[in-house]
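Results of the structural survey
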Amino acid sequence: QVQLVESGGGLVQPGGSLRLSCAASGSIFRFIAVTWYRQAPGQERELVASIIRWSDTNYADSVKGRFTISRDTAQNTVYLQMNSLKPEDTAVYYCNGRTARTDPQGDTWGQGTQVTVSS
């Protein structure tokens, strides 16, 4: 079983930056896609950014130009670089790994990491 652990969240001022990490206990490249989601209090979970087949990327309109999803093979980790942060970015951020249909593990979620943007 490949497990995912998010880290890097915290308190940051508006306009600041954070880098979130999604680290795998096994090879993260078992997944065909990794997606960052976020959920703010009282809000539905929303997709933030995805990396598909370790090359193609997709971003929510609200974060385009500010967030970047990337991977580091040596660290077995997917990152979410978050720049120009706004208070509305405050949420719990989760990473999800999507497996191939024939993979018995199935899709996998991390535990989440809190991001708070406030002055």
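First, a word on what this report is: a plain description of the structure on this page. Please read all numbers here as calculations on a predicted model, not as lab measurements.

What counts and how
- Residues numbered from 1 in each chain as written.
- Predicted model: local features only at pLDDT ≥ 70, side-chain atom pairs only at ≥ 80, totals over all residues.
- Heavy atoms only, no water.
- Salt bridge = Lys/Arg side-chain N within 4 Å of Asp/Glu carboxyl O.
- Helix = DSSP H or I, 4+ residues; strand = E, 2+ residues; numbered from the N terminus.
- Buried < 20%, exposed > 50% of the residue type's maximum accessible area, 1.4 Å probe, protein only.
- Contact = heavy atoms within 4.5 Å.
- Polar contact = N/O pair within 3.5 Å; in protein donor to acceptor, adjacent residues only side chain to side chain.
- Core = buried A, V, L, I, M, F, W, Y, C linked by side-chain atoms within 4.5 Å.

Time to look at the pattern of salt bridges. When their charged atoms lie close together, side chains carrying opposite charge are able to pair. For the structure on display, the rule yields 5 salt bridges. The closest approach of N and O atoms between Asp89 and Arg38, which form a salt bridge, is 2.9 Å. Linking Asp89 in the loop between β8 (77-82) and β9 (91-98) with Arg38 in strand β4 (residues 33-39), this pair joins segments that are 51 residues apart in sequence. Considered together, Asp89 and Arg38 belong to a single accessibility category, that of buried residues. One connected set of salt bridges, linked through shared partners, spans Arg38, Glu46, Arg66 and Asp89.

Relative to the helices and strands, Arg30 is located in the loop between β3 (18-24) and β4. Note: C-alpha distance between Arg30 and Arg45 (15 residues apart in sequence) is 24 Å. Look past the residues within four positions of Arg30 in its chain and what remains in contact with it is Val2, Asp103, Pro104 and Gln105. Reaching out from Arg30, the side chain makes a polar contact with the side chain of Asp103 at a distance of 2.7 Å.

Moving on, we come to the nonpolar core. Within the largest apolar cluster, 29 residues are counted, with the highest numbers of intra-cluster contacts made by Trp36, Val78, Leu80 and Tyr93. Only β3, β4, β5 (46-52), β7 (67-72), β8, β9 and β11 (113-117) provide two or more residues apiece to this core. Those residues in contact with Val78 that sit more than four places away from it in its chain are Leu20, Ser21, Cys22, Ile28, Val34, Trp36, Ile51, Trp54, Ile69, Ser70 and Arg71.

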